[in-house]
Amino acid sequence: MTTTMQYEAPAGLATLDARGISAWFGAHQVLDDVSLTMPAGQVTALIGPSGCGKSTFLRILNRMHELIPEAALAGEVLLGAEDIYAPAKRITDARREIGMVFQKPNPFPAMSIYDNVVAGLKLIGRRASRSEKDVLVEECLTKAGLWKEVHNRLRQPGGALSGGQQQRLCIARSLAVRPRVLLMDEPCSALDPTSTRRIEETIAELAAEVTIVIVTHNMQQANRVSDQCAFFLAEQGQPGVIVEHGPTSTIFTTPRDQRTEAYVNGRFG
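Draft legend 1. Layout of the overall build of the chain. Secondary structure summary: the chain contains 10 helices and 12 strands in total. For the chain, the C-alpha radius of gyration of 19 Å lies close to 18 Å, the compact-globule estimate for 269 residues. With the C-alpha coordinates aligned to their principal axes, the bounding extent of the chain is approximately 55 × 45 × 30 Å. Put simply, the chain has 269 residues, and 51% of those count as buried.

Draft legend 2. Expanded view of the sheet that holds strand β2 (residues 16-25). Reading across from one edge, β3-β2-β5-β6 is the order of the four strands in this open sheet, with antiparallel pairing throughout. In the strand order of this sheet, the two ends are held by β3 (28-38) and β6 (82-83), each with one partner.

Draft legend 3. View of the side chain of Q165. Mapping Q165 onto the fold places it in helix α6 (residues 163-175). With a relative accessible area of 11%, Q165 lands in the buried category. Side chain to side chain, Q165 and E149 meet in a polar contact 2.8 Å long. Apart from residues lying up to four places away in sequence, Q165 is in contact with L146, E149 and R153.

Draft legend 4. Molecular detail of the nonpolar core. By size, the foremost hydrophobic cluster in this structure holds 47 residues, and its most contacted members are I47, L141 and I171. Not counting residues up to four positions away in its chain, the partners in contact with L141 are I113, V117, L146, W147, V150, L154, L169 and A172. Ranked by size, the runner-up nonpolar core spans 30 residues in total, among them I21, V77, I84 and Y85.

Draft legend 5. Looking closely at the packing of aromatic side chains. For the structure on display, the rule yields three aromatic pairs. A ring pair is formed by F57 and F232, whose centres lie 5.5 Å apart and whose planes are at 50 degrees; its orientation type is tilted. Of this pair, F57 sits in helix α1 (residues 54-60) while F232 sits in strand β11 (residues 228-233); the two residues are 175 residues apart in sequence, bridging distant segments of the chain. Residue classification places F57 among the buried positions, given a relative accessible area of 0%. When its relative accessible area of 0% is taken as the criterion, F232 is described as buried. Through a chain of ring-to-ring contacts, three or more aromatic side chains come together here, namely F231, Y263 and F268.

Draft legend 6. Looking closely at the pattern of salt bridges. Under the criterion given, the structure shown has 19 salt bridges. For E235, the salt bridge goes to R259, with nearest N and O atoms at 2.7 Å. Highlighted residues: E235 in the loop between β11 and β12 (241-247) and R259 in helix α10 (residues 258-264), separated in sequence by 24 residues. According to the relative accessible area criterion, E235 is partly exposed, its value standing at 37%. A salt bridge links R256 to E244; the nearest nitrogen and oxygen atoms lie 3.9 Å apart. Of the two residues, R256 is situated in the loop between α9 (248-253) and α10 and E244 in strand β12; the sequence distance between them amounts to 12 residues. On the basis of relative accessibility, which here comes to 3%, the residue E244 falls in the buried class. Look at the salt bridges and you will find they share partners, linking E139, K143, R178 and E209 into a network.

Conventions we followed
Residues numbered from 1 in each chain as written. Predicted model: local features only at pLDDT ≥ 70, side-chain atom pairs only at ≥ 80, totals over all residues. Heavy atoms only, no water. Helix = DSSP H or I, 4+ residues; strand = E, 2+ residues; numbered from the N terminus. Rg over C-alpha atoms; globule rule 2.2 N^0.38 Å. Buried < 20%, exposed > 50% of the residue type's maximum accessible area, 1.4 Å probe, protein only. Pairing = 2+ DSSP bridges. Polar contact = N/O pair within 3.5 Å; in protein donor to acceptor, adjacent residues only side chain to side chain. Contact = heavy atoms within 4.5 Å. Core = buried A, V, L, I, M, F, W, Y, C linked by side-chain atoms within 4.5 Å. Phe/Tyr/Trp six-rings, centres within 6.5 Å; stacked < 30°, edge-to-face > 60°. Salt bridge = Lys/Arg side-chain N within 4 Å of Asp/Glu carboxyl O.

What follows is the structure in structure tokens.
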């Protein structure tokens, strides 16, 4: 059943709170008892070497982990006061509130820029008039820093855009369903420095109205864009854990753990 959509302000900033998260792929444990509060209206960066569970943790935050065969998890993820894994919570509702932007831009290539932005509405069963869609497309493309570049070619295919523009189109598409949290899995790793700078500017602008969690291997980027950092590490075949977390300035200048200090200064990883 679909409902007619009346456009309103986002539902409000929400803190995301992961408590005691452990995760497995079959018999292989990849995370062990990870707890992290991602404050409302802030950018939280997840940093650490490859293979320490950062991306798995990110996917757990919007219920993508459970789609993987033989995947299992323990713990809870609270959006505000509500557990997104509660039996009564529909997975579509969880993903509407907690959006995801992936490492590789993934617009619908043959679909127009305009239709890419509004594609999410159909997936969540919401109808909107043409005028409502027009307003939404301009609003979301503006927030994603793309409107000025594409406003006169909205009917052209999204796949014809540059890589950086495609990634910003994916951000606009995620924003169209009014998420309270936006997860970003290395969103700039495939982009050139100019496009990376524009994405980082977009992140800074969006943080006032949506809670952002970003996985990045770029320490300079983590330092530039985030308010707090969590350092993940998996040592000697052990599952990933958070070594420490706190304000970004503290993690980069006066970390408590020597392993954190070594990692952020490029001595391993």
